[in-house]
Amino acid sequence: MKTVRVAVVGAGVIGFSTAVRIAEALPICSVTLLAEKFSPDTTSDVAAGIVLAQEFPDIPLERQRRWFKDGFDHFFAIAHSEDAPEAGIMMCSGCQIFREAPANMKPYWSDIVIGYRPMTDRELKRFPNHKFGQAFTTLKCECSSYLPWLEKRFRKAGGRVEQRRVNSLQELSNDFDIIVNCTGLGSKTLVGDDQVQPIRGQVLKMDAPWLKHFIRDVDGMTYIYPGIHSVTIGGTRQVEDMRLHVDEGDSRSILERCSRLEPSLRKAKVLYQSVGLRPGRRSPRVERELVQMGGRQVPVVHNYGHGGWGVSFSWGTSMDALELVRQCLQEIPLQAKL
Ligand code: FAD
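Quick caveat: nothing in here was measured; it's all calculated off a predicted structure. (Residues numbered from 1 in each chain as written. Predicted model: local features only at pLDDT ≥ 70, side-chain atom pairs only at ≥ 80, totals over all residues. Heavy atoms only, no water.)

## Looking at the sheet that holds strand β15 (residues 296–304)
Strand order in the open sheet made by the six strands is β6-β2-β1-β7-β15-β14, with mixed pairing throughout. The sheet is open, and its two edges are formed by β6 (160–163) and β14 (285–293), each paired on a single side. Geometrically, the sheet is characterised by an average inter-axis angle of 25° between neighbouring strands, direction not taken into account. Bridge count for β14 against β15 is nine bridges, and the pairing is antiparallel. When the sheet's bridge partners are listed, E289 is paired in β15 with V300. Of the strands in this sheet, β1 (4–9), β2 (29–35), β7 (178–181), β14 and β15 are in contact with helix α9 (residues 310–331), which crosses β14 at around 35°. (Pairing = 2+ DSSP bridges. Helix = DSSP H or I, 4+ residues; strand = E, 2+ residues; numbered from the N terminus. Axes fitted to C-alpha atoms, helices over the stretch in contact; angles between N-to-C directions. Contact = heavy atoms within 4.5 Å.)

## A few points about the site of the ligand
Taken together, 35 residues surround the ligand, and among them K37, S44, V166, G307 and S312 come closest. Between G308 and the ligand, the recorded distance is 3.0 Å, taken from a backbone N or O atom to a nitrogen atom. Here the ligand loses 95% of its free accessible area of 1000 Å² to cover by the protein chains. Counting residues per element, the ones that place at least two in the shell around the ligand are α1 (13–25), α2 (43–46), β8 (197–207), β13 (269–280) and α9. The class makeup of the residues in the shell around the ligand is 15 nonpolar, 15 polar and five charged. (Near = heavy atom within 4 Å. Polar contact = N/O pair within 3.5 Å; in protein donor to acceptor, adjacent residues only side chain to side chain. Areas by Shrake-Rupley, 256 points an atom, 1.4 Å probe, with all protein chains shown as cover. Nonpolar A, V, L, I, M, F, W, Y, C, P; charged D, E, K, R; others polar.)

## A word on the packing of aromatic side chains
Describing an aromatic ring pair means giving the distance of the ring centres and the angle of the ring planes. Here the structure, examined in full by the defined rule, presents 16 aromatic pairs. Ring centres of Y146 and W149 lie 5.9 Å apart, and the angle between their planes is 20°; this geometry places the pair in the stacked category. Taken together, the residues span about one helical turn, with Y146 and W149 both in helix α6 (residues 143–156) at a distance of three residues. Across the pair, W149 and Y146 agree in class, each one buried. (Phe/Tyr/Trp six-rings, centres within 6.5 Å; stacked < 30°, edge-to-face > 60°. Buried < 20%, exposed > 50% of the residue type's maximum accessible area, 1.4 Å probe, protein only.)

## What about the pairing of strand β9 (residues 214–217)?
Side chains F214 and R216 project from β9 onto one buried face, and the interleaved I215 and D217 project onto a second face that is buried too. Judged from the four bridges that link them, strand β3 (residues 89–98) and β9 form a sheet pairing that is parallel. Bridge assignment links Q96 to a residue of β9, and that residue is R216. Hairpin connection from β9 to strand β10 (residues 222–226): four residues lie between these consecutive antiparallel strands, with M221 at a positive phi of about 50°.

## Re the UniProt feature "binding site: D-dopa" (unreviewed entry) in the protein
The UniProt record marks Y223, R278 and G308 with the feature "binding site: D-dopa" (unreviewed entry), using the residue numbering of this structure. Accessibility expressed as a relative area gives 9% for Y223, which makes it buried. Setting aside chain neighbours within four positions, we find Y223 in contact with A48, V203, I215, R216, T232, I233, G234, G235, C258 and R278. Within the secondary structure, R278 is located in strand β13. A relative accessible area of 14% means that R278 is categorised as buried. (UniProt positions renumbered as here; feature names shortened; annotations may be inferred.)

## Brief notes about the environment of A87
Note on placement: A87 falls in helix α4 (residues 84–87). A relative accessible area of 0% places A87 in the buried class. A87 sits 59 residues away from Y146 along the chain, and the two C-alpha atoms are 4.4 Å apart. Setting aside residues up to four positions removed in sequence, A87 forms contacts with I78, E142, S145, Y146 and W149.

## Regarding the packing of helix α3 (residues 61–79) against α9
Here α3 crosses α9 at 110°, and the two axes come no closer than 7 Å. Between α3 and α9, the interaxial angle falls into the category roughly perpendicular. Crossing of α3 against α9: the hand is right-handed. Counting all contacts with α3, which are made through R63, Q64, R66, W67, F68, D70, G71, H74 and F75, the residues of α9 involved are V311, S312, F313, S314, W315, G316, T317, M319 and D320. Here the residues of the contact of α3 with α9 sort into seven nonpolar, seven polar and four charged. (Parallel < 35°, antiparallel > 145°, perpendicular 65-115°, else oblique. Left-handed = near helix turned anticlockwise from the far one by under 90°.)

## Quick word on the packing of α1 against α9
Two elements in contact, α1 and α9, have axes separated by 8 Å at closest approach and are oriented at 40°. One finds that α1 runs oblique with respect to α9. Considering the relative orientation of α1 and α9, their crossing is right-handed. Within the contact between the two elements, α1 uses V13, I14, S17, T18, V20, R21, I22 and A25 and α9 uses G310, V311, S314, W315, G316, T317, S318, M319, A321, L322, V325 and R326.

## Some thoughts on α9
For an α-helix the count is 3.6 residues per turn, leaving residues at separations of three or four pointing the same way. Along its 22 residues, α9 runs 29 Å from first to last C-alpha, staying within 8% of the 32 Å computed at 1.5 Å per residue. The sharpest bend along α9 reaches about 35° and sits at G316. Counting buried residues along α9, 16 of its 22 residues qualify, which places the element largely inside the surrounding structure. (Expected span 1.5 Å × (residues − 1). Bend = angle between axes of the 7 residues up to and from the residue.)

## Comments concerning the UniProt feature "domain: FAD dependent oxidoreductase" (unreviewed entry) in the protein
On the UniProt side, "domain: FAD dependent oxidoreductase" (unreviewed entry) is annotated at positions that read residues 5–318 here. The distance separating the terminal C-alpha atoms of residues 5–318 is 18 Å; by composition the span is 27% helix and 32% strand.

## Looking at the pattern of salt bridges
Inspection of the entire model under this criterion finds 28 salt bridges. The shortest N-O distance in the salt bridge between R63 and D320 comes to 2.8 Å. With R63 in helix α3 and D320 in helix α9, the pair connects residues that are 257 residues apart, well separated along the chain. Assessed through its relative accessible area of 10%, D320 is described here as buried. One salt-bridge network, in which partners are shared between bridges, spans R63, R66 and D320. (Salt bridge = Lys/Arg side-chain N within 4 Å of Asp/Glu carboxyl O.)

Following this line, the structure appears as structure tokens:
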């Protein structure tokens with residue numbers, strides 16, 4: 001019997017991953033996902049969607065490793081299932097190149113991706129401005145397919161979906177026993193988190209089916225990621241820039257930088273361009289708190305602030321969010337569970 005009412009706020013890759021986890025693992029909960037915007041209008045829809053990792057300064061490395069591995073294994077399993085085309089997940093081989101060799105030549109994720117190795121001098125020859133490279137196979141996730149796939153999975157597990165802007169968590173306190181906040185950049189205002197800041201990113205979708213390998217120039221914010229329907233090229237990283245329209249200067253700069261790495265892009269047609277605001281934060285916030293709302297303490301679980309790597313870490317951090325909801329269940333008044 002479903003007796004604990006859970007609200008998940010946010011319909012990006014973090015909200016839907018978390019909602020699926022809770023709805024599938026905790027049959028005692030009735031889960032409602034509420035959000036102002038849904039696919040194709042979220043930041044997640046703009047994500048280039050490569051599964052890669054960065055180091056977050058405030059999270060123990062072991063926890064980050066677990067998050068990344070959890071996500072990698074999840075996407076890997078989908079890529080090798082019959083759901084792969086519908087979910088928009090594929091394997092993707094390529095390289096990350098560096099102008100100077102990084103201090104840490106063997107990052108924590110190197111034994112999670114497949115076949116990680118330093119590039120040979122012969123391979124690096126085509127990138128004369130770069131001295132070091134890492135070759136490996138990872139995954140690529142097209143969120144415009146993955147989000148509808150997650151929504152279908154969520155509804156199948158009994159979840160409900162409601163389009164609605166939430167102006168304050170207080171609004172939800174009468175109708176829900178536990179609130180899960182997955183609002184990304186929205187957390188800046190919804191929970192007053194000053195650490196959250198927009199980081200603008202612009203990408204171009206190219207018709208270049210001959211390109212099969214990804215290239216990421218780590219220092220230059222430049223990348224070429226072949227996907228199922230097109231090749232995504234980028235990018236920009238403009239802190240506190242809220243402009244959501246395409247900037248033609250950025251488009252020219254992206255095309256120029258990417259064509260230097262892959263000259264055949266000069267012959268490719270631009271299919272469309274998009275802009276998204278990454279939910280920047282020093283490290284993601286994945287924790288729970290009790291918030292005083294209208295005379296009672298309501299458990300709130302936060303899962304937001306994934307910056308430029310929300311797709312990669314979505315499945316891993318949503319596992320922790322699920323565990324935090326489980327802990328909340330131990331503490332909410334018994335009558336809610338009966
Ligand atoms: P969002 O997708 O922004 O979703 C937030 C949700 O919360 C929305 O549904 C919104 O409507 C809702 N919401 C917010 N406030 C409220 C409110 N008050 N009331 C109701 N609803 C609310 N990541 C990778 O891992 N790999 C990549 O290659 C990659 N490339 C990227 C390229 C670009 C150009 C950009 C912009 C991002 C990229 N990212 C990548 C990062 C990734 O897109 C983000 O980290 C991720 O999308 C964040 O997901 P989210 O669910 O937290 O936020």
